[in-house]
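Report on the structure
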Amino acid sequence: MSAEHAHLPPGVEVITTLPEAAARIPVGAEARTIRVTLSPGDPGAPPHRHPGPLFGYVTQGEILFELEGQPPRVLKAGDALFEPGGDVIHYQGANNLPDAQSQLVVTMFAPPGTPVLTVVSAEELAERRHLRVTQP
């Protein structure tokens, strides 16, 4: 535990920090807290991007999470996540459990009035396929 967190009251725990996240927040952004609930086996949204960075936490179940430039990984309840937003494609945010609900809560920092997500076209996915990391 770092010195800055040594004096937290009982029951308060810092899960993770990401100091460089502030540099990615667009000027004039608003904070949006979003809960995503996925039914058993739900594949989630199709490949998309977000207008700004988001920082979140899996509150229930397991999420198969994949961002452009990173291999897919399974995030379990208690795991934190960061997504830079902007030009980075979010390929997967699926419920990894076939028989139970999964859920995450994120805070997104985005310019007011922008959509939470924008679906990426098949043409753009094809153009950027070289940026997707596949597992062996």
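Computed from a prediction, not measured in an experiment: that's the story for all the values here. (Residues numbered from 1 in each chain as written. Predicted model: local features only at pLDDT ≥ 70, side-chain atom pairs only at ≥ 80, totals over all residues. Heavy atoms only, no water.)

Among the nonpolar cores identified, the biggest contains 13 residues, and Val58, Ile63, Phe65, Leu81, Leu104 and Val106 are the most heavily contacted of them. Where this core is concerned, the elements lending two or more residues are β1 (30-38), β3 (54-60), β4 (62-67) and β8 (102-110). Other than its neighbours up to four places away in sequence, Val106 contacts Arg32, Thr33, Ile34, Leu54, Phe55, Gly56 and Leu81. (Core = buried A, V, L, I, M, F, W, Y, C linked by side-chain atoms within 4.5 Å. Buried < 20%, exposed > 50% of the residue type's maximum accessible area, 1.4 Å probe, protein only. Helix = DSSP H or I, 4+ residues; strand = E, 2+ residues; numbered from the N terminus. Contact = heavy atoms within 4.5 Å.)

With that out of the way, let us pick up the side chain of Glu66. Examined against the element boundaries, Glu66 turns out to sit in strand β4. Within the structure, the side chain of Glu66 is placed 2.7 Å from the side chain of Gln92, a separation counted as a polar contact. The residues contacting Glu66, other than those within four sequence positions of it, are Pro72, Ile89, His90, Tyr91, Gln92, Arg132 and Val133. (Polar contact = N/O pair within 3.5 Å; in protein donor to acceptor, adjacent residues only side chain to side chain.)

To continue, consider the pattern of salt bridges. What the rule picks out here adds up to eight salt bridges. Between Glu68 and Arg128 there is a salt bridge; the shortest N-O distance is 2.5 Å. With Glu68 in the loop between β4 and β5 (73-76) and Arg128 in the segment after α1 (122-127), the pair connects residues that are 60 residues apart, well separated along the chain. For Arg128, a relative accessible area of 14% puts it in the buried group. Residue Arg128 pairs with Glu124 through a salt bridge whose shortest N-O separation is 3.8 Å. Salt bridges here are not isolated pairs; linked through shared partners, they connect Arg49, Glu68, Asp87, Glu124 and Arg128. (Salt bridge = Lys/Arg side-chain N within 4 Å of Asp/Glu carboxyl O.)

What follows deals with the sheet that holds β8. Whenever strands of a sheet pair, they do so through backbone hydrogen bonds, lying parallel or antiparallel. Across the sheet, four strands lie side by side as β1-β8-β3-β6; this open sheet has antiparallel pairing. The sheet is open, and its two edges are formed by β1 and β6 (80-83), each paired on a single side. Averaged over neighbouring strand pairs, the angle between their axes works out to 20° when direction is ignored. Where β1 meets β8, nine bridges bridge the pair, whose relative direction is antiparallel. By the bridge assignment, Arg32 is partnered in β8 with Met108. (Pairing = 2+ DSSP bridges. Axes fitted to C-alpha atoms, helices over the stretch in contact; angles between N-to-C directions.)

Attention shifts here to the environment of Arg132. Mapped onto the fold, Arg132 is located in the segment after α1. Separated by 65 residues in sequence, Arg132 and Leu67 place their C-alpha atoms 8.0 Å apart. Sequence-distant contacts of Arg132, that is, excluding residues within four places in its chain, are made with Glu66, Tyr91 and Gln92. A polar atom in the side chain of Arg132 sits 2.7 Å from the side chain of Glu66.

A few words now on the pairing of strand β7 (residues 90-95). Looking along a regular strand, one sees the side chains alternate between the two faces of the sheet. With five of six residues buried, β7 is to be regarded as a mostly interior element. With five bridges connecting them, β4 and β7 associate as antiparallel partners. Its bridge partner lying in β7, Phe65 is registered against Gly93.

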